[in-house]
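Examining the three-dimensional arrangement
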Amino acid sequence: MAEKQQKAAIKKALPVPKGYAALRFEKQSIPRKFRDCILVYCDGEMRFERYCYGEAAGLTYGAFAQSIAPDGTITWAHNNPPAGLKQTMPNQLTGAEKDTLFFDDSPIQWLCAAKLKADEKNGYGFLKVLLSR
């Protein structure tokens, strides 16, 4: 989990609206077998999630940011990622505009796809959202 100062910087750069647990950003790219998402939580935590499409559609991998350096470099708390995923995960937050993120100096946009009131599966229920403000 990210340090207190790092969380404060994320909260300032990517504010989650009051009453919401998280913002979910999805990678906009050519159609592929996967959907990559970044969740930015109300307390400043950041999480990467990869979903697969097809017959067995669902979450295939998720990892919280272990630390985020002042220059935006992200260290993920990897727990046996699938082969090749480590190279495709974002390594550095290089830009943030209203409802859009940019990683690794790439022109590929990560657009805000949803505002989540809660994210129970990752520990962000009603009370945690209420107490994080």
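An account of the accompanying structure is given in this report.

Basis of the calculations
- Going along each chain's sequence as written, the residues are numbered from 1 onward.
- Under the rules for a predicted model, residues below a pLDDT of 70 receive no local features and side-chain atom pairs below 80 are neither given nor counted, while totals for whole chains, interfaces and linings still include all residues.
- The side-chain numbers reported here are obtained from all heavy atoms of the structure, hydrogens and water having been left aside.
- Put simply, a nonpolar core is a bunch of buried Ala, Val, Leu, Ile, Met, Phe, Trp, Tyr and Cys residues held in one set by side-chain atoms that sit within 4.5 Å of each other.
- The buried label goes to any residue with under 20% of its type's maximum accessible area, the exposed label to any with over 50%, and the partly exposed label to all in between, with areas taken from a 1.4 Å probe on protein chains only.
- Numbering of helices and strands starts at the N terminus; helices are DSSP runs of H or I of at least 4 residues and strands are runs of E of at least 2.
- It only takes one pair of heavy atoms within 4.5 Å for two residues to be counted as in contact.
- In this scheme, strands are said to pair when DSSP sees at least two bridges between them.
- Whenever a helix is involved, its axis is fitted only over the stretch in contact; in every case the axis is a line through C-alpha atoms, and angles between N-to-C directions fall within 0 to 180 degrees.

Counting residues in each nonpolar core, the largest one holds 31 residues, and the members touching the most others are Ile38, Met46, Phe48, Trp76 and Leu101. At the level of secondary structure, the elements contributing two or more residues to this core comprise strand S1 (22-27), strand S2 (34-41), strand S3 (46-52), strand S4 (58-68), strand S5 (74-76), strand S7 (100-103) and strand S8 (110-116). Ranked by residue count, the leading element in this core is S4, at 5 residues. Discounting residues that sit within four places of it in the chain, Met46 has contacts with Ile10, Leu14, Ile38, Leu39, Val40, Ala63, Phe64, Ala65, Ile68, Ile74 and Trp76.

Our focus in this paragraph is the sheet that holds S3. Remark on secondary structure: sheet strands pair via backbone hydrogen bonds, oriented parallel or antiparallel. Reading across the sheet, the 8 strands line up as S5-S4-S3-S2-S1-S8-S7-S6 and stay open at both edges, with antiparallel pairing between neighbours. Two strands in the sheet have a free side with no partner beyond their single neighbour: S5 and strand S6 (93-97). Taken over all neighbouring pairs, the strand axes of this sheet differ in orientation by 30 degrees on average, direction set aside. Relative to S4, helix H1 (residues 4-13) is tilted by about 115 degrees, and along the sheet it contacts S2, S3 and S4.

Let's shift gears to the environment of Trp110. Among the structural elements, Trp110 can be located in strand S8. With a relative accessible area of 4%, Trp110 lands in the buried category. Discounting residues that sit within four places of it in the chain, Trp110 has contacts with Phe25, Glu26, Lys27, Asp36, Cys37, Ile38, Phe48, Pro90, Asp99, Thr100, Leu101 and Phe103.

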